[in-house]
Amino acid sequence: MSDRHFDQLATRFAEKIYGGAKGAIRLAVLQADLKEALPERPLRVLDIGAGLGHMSLWLAERGHQVTLAEPAAPMLEGARQRFADAGQQATFIQAPWQELLGQLTEPYDLVLCHAVLEWLAEPHAILPVLHQLTAADGWLSLAFYNRDALVYRNLLKGHFRKMRKNDMAGEKQSLTPQQPLDPRELAAQLEGLWRVESQSGVRVFHDYMPVEFQARAELTDLLEMELAHRRHPSFAGLGRYLHWLCRPV
C-alpha cells in the first residue's frame, strides 16, 4: 500500500464537503481549539497536506506567516486560488511529507497535520518528521480519522459481517480513509516525542443523526452543540475525527 494523494475528482468532492455542515463543524472545532491554545502573536505556520487551504487561509487572515505543503497539484491549485481570491499571501510547496525536511531549514511555531495520517501507508513514520519540523516551544495540531467512530457507525448500521472481518479500510478509490487510526495506538506512538495538551472530538454527534434530523437542524445550532460537547468525557471519543494539540517533549 502506498500513500494516497488526491486527483481532480477528489478535489471537487472535498469542495462539496467543505460547503456543507460536515466541513463547517470541522473548521469550527479546529479553529476554536487553536484560538484557545495559541499565543497572541504572529506565528510561522506549516500546513502539511494542506489540501484546499481552508485552515491556512484562516490563519493567514489572522496575521500568521503560512507555508502550505501539498503533494496533489489539483489541491494546491485550489488553495492558491482561494488565497488569491482573499488577497492573502503564502508560500506554496508541492511535495509529499517525505521531502519536506530537505526543503525546509527552520522549524515552525505551529505545524498543522490535519486528515493526513489516515491516508499514509505507514502513518507512524511521519511522527518524527513532524517533531523535527516543530520548534521546541511550538505546537502540533494533529487531526485524524477516528477508527472508534467508524466501528461505532458500522455497529449502528448492523454491518456485523464487516465487523467480524475487522476491516475498516475504505475501498481503493473511495474517500473513506485507507488507515483509520486507533487513538490508543497513536497515543503510544506519540510517547517520547509529544505531550498531548488537549483533545477534542470533531462531529461527536452530527454524523450519527438520522438524515431527516440533519436536514432540519440549523447550522448555527449544530455548531453550538458540537463545540459545547467536543470535550465531553462520554462523547469526545465518538468524533468522526479527533483533534489533538501537542507540544514537543
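The shown structure was predicted, so the numbers you read here are calculated from the model rather than taken from an experiment.

Participant: What is the right way to read the UniProt feature "binding site: S-adenosyl-L-methionine" (unreviewed entry) in the protein chain from this model?
Facilitator: Per the UniProt record, "binding site: S-adenosyl-L-methionine" (unreviewed entry) is annotated on Arg26, Gly49, Ala50, Glu70 and His114. Examined against the element boundaries, Glu70 turns out to sit in the loop between strand 2 (65-69) and helix 4 (73-86). Here Glu70 falls in the buried class, since its relative accessible area comes to 5%. In this structure, Glu70 is in contact with Gly49, Ala50, Gly51, Met75, Leu76, Ile93, Gln94 and Ala95, ignoring residues within four places of it in sequence. In this structure the side chain of Glu70 is engaged in a polar contact, spanning 2.9 Å, whose partner is the backbone nitrogen of Gly51.

Participant: What exactly am I supposed to notice about a nonpolar patch on the surface here?
Facilitator: Together, Tyr152, Leu155, Leu156 and Phe160 make up an exposed nonpolar region whose accessible area comes to about 380 Å². The greatest single-element share of the nonpolar patch, amounting to 3 residues, is contributed by helix 7 (residues 147-156). Relative to the elements of secondary structure, Leu156 occurs in helix 7.

Participant: Can you help me understand the pairing of strand 1 (residues 44-48) in this one?
Facilitator: One face of the sheet, then the other: side chains in a regular strand alternate in exactly this way. Among the 5 residues that make up strand 1, 4 are buried, leaving the element largely enclosed by the rest of the structure. Bridge analysis of strand 1 against strand 2 gives 5 bridges, and the strand direction is parallel. Paired with Asp47 across the strands is Leu68, a residue of strand 2. Handedness of the crossover joining strand 1 and strand 2 through helix 3 (residues 54-60) is recorded here as right-handed. Taken together, the 4 bridges between strand 1 and strand 4 (residues 108-114) define a ladder with parallel strand orientation. Paired with Leu46 across the bridge in strand 4 is Val111.

Participant: Would you take a moment to explain the packing of helix 2 (residues 21-37) against helix 11 (residues 219-229) for this structure?
Facilitator: Two measures define how a pair of helices packs: the angle their axes make with one another and the distance between the axes. Between helix 2 and helix 11, the shortest axis-to-axis distance is 10 Å and the interhelical angle comes to 40 degrees. Here helix 2 is positioned oblique relative to helix 11, judged by the angle of their axes. In this structure, helix 2 crosses over helix 11, and the sense of that crossing is right-handed. Mapping the contact onto sequence places Ala21, Ala24, Ile25, Ala28, Val29 and Ala32 in helix 2 and Leu219, Leu222, Leu223, Glu226 and Leu227 in helix 11. A class-by-class count of the residues in the contact of helix 2 with helix 11 yields 10 nonpolar, no polar and 1 charged.

Participant: Explain the UniProt feature "domain: Methyltransferase type" (unreviewed entry) in the protein chain to me, please; I cannot follow it from the model alone.
Facilitator: What UniProt calls "domain: Methyltransferase type" (unreviewed entry) maps, in this numbering, to residues 46-140. From the first C-alpha to the last, residues 46-140 spans 10 Å; its make-up is 34% helix and 26% strand.

Participant: Looking at this structure, I do not really get the sheet that holds strand 6 (residues 194-202). What am I missing?
Facilitator: Sheet architecture is open: 7 strands sit in the order 3-2-1-4-5-7-6, paired in mixed fashion. Edge positions in the sheet fall to strand 3 (91-93) and strand 6, since each of these pairs with one other strand and no more. Within the sheet, the average angular offset between the axes of one strand and its neighbour, ignoring direction, is 15 degrees. Sheet topology note: the strand 5 (residues 134-145)/strand 7 (residues 241-248) ladder contains 6 bridges and is antiparallel. The partner of Leu140 across the bridge, within strand 7, is Cys246. Its contacts with the sheet put helix 2 on strand 4, strand 5, strand 6 and strand 7, and the angle it makes with strand 7 is roughly 25 degrees. Strand contacts of helix 9 (residues 183-190): strand 5, strand 6 and strand 7, with the helix running at about 10 degrees to strand 7, the strand carrying the most contacts.

Participant: Before we go on, may I ask you to explain unusual backbone geometry in this structure?
Facilitator: The phi angle of most residues is negative, glycine excepted, and most peptide bonds adopt the trans form. In this model, Ala115 sits at a positive phi of 55 degrees, which is unusual for a non-glycine residue. Within the secondary structure, Ala115 is located in the loop between strand 4 and helix 6 (127-133). A relative accessible area of 15% places Ala115 in the buried class. In this structure, Arg203 takes a positive phi of about 65 degrees despite not being glycine. Given the relative accessible area of 5%, Arg203 is considered buried.

Here is what the cut-offs are and how they apply
- Residues numbered from 1 in each chain as written.
- Predicted model: local features only at pLDDT ≥ 70, side-chain atom pairs only at ≥ 80, totals over all residues.
- Heavy atoms only, no water.
- UniProt positions renumbered as here; feature names shortened; annotations may be inferred.
- Helix = DSSP H or I, 4+ residues; strand = E, 2+ residues; numbered from the N terminus.
- Buried < 20%, exposed > 50% of the residue type's maximum accessible area, 1.4 Å probe, protein only.
- Contact = heavy atoms within 4.5 Å.
- Polar contact = N/O pair within 3.5 Å; in protein donor to acceptor, adjacent residues only side chain to side chain.
- Patch = residues over 30% accessible without salt bridge, like charges linked within 9 Å, V, L, I, M, F, W, Y side chains within 5 Å.
- Areas by Shrake-Rupley, 256 points an atom, 1.4 Å probe, with all protein chains shown as cover.
- Salt bridge = Lys/Arg side-chain N within 4 Å of Asp/Glu carboxyl O.
- Pairing = 2+ DSSP bridges.
- Right-handed = clockwise from strand over helix to strand, strands pointing away.
- Axes fitted to C-alpha atoms, helices over the stretch in contact; angles between N-to-C directions.
- Parallel < 35°, antiparallel > 145°, perpendicular 65-115°, else oblique.
- Left-handed = near helix turned anticlockwise from the far one by under 90°.
- Nonpolar A, V, L, I, M, F, W, Y, C, P; charged D, E, K, R; others polar.

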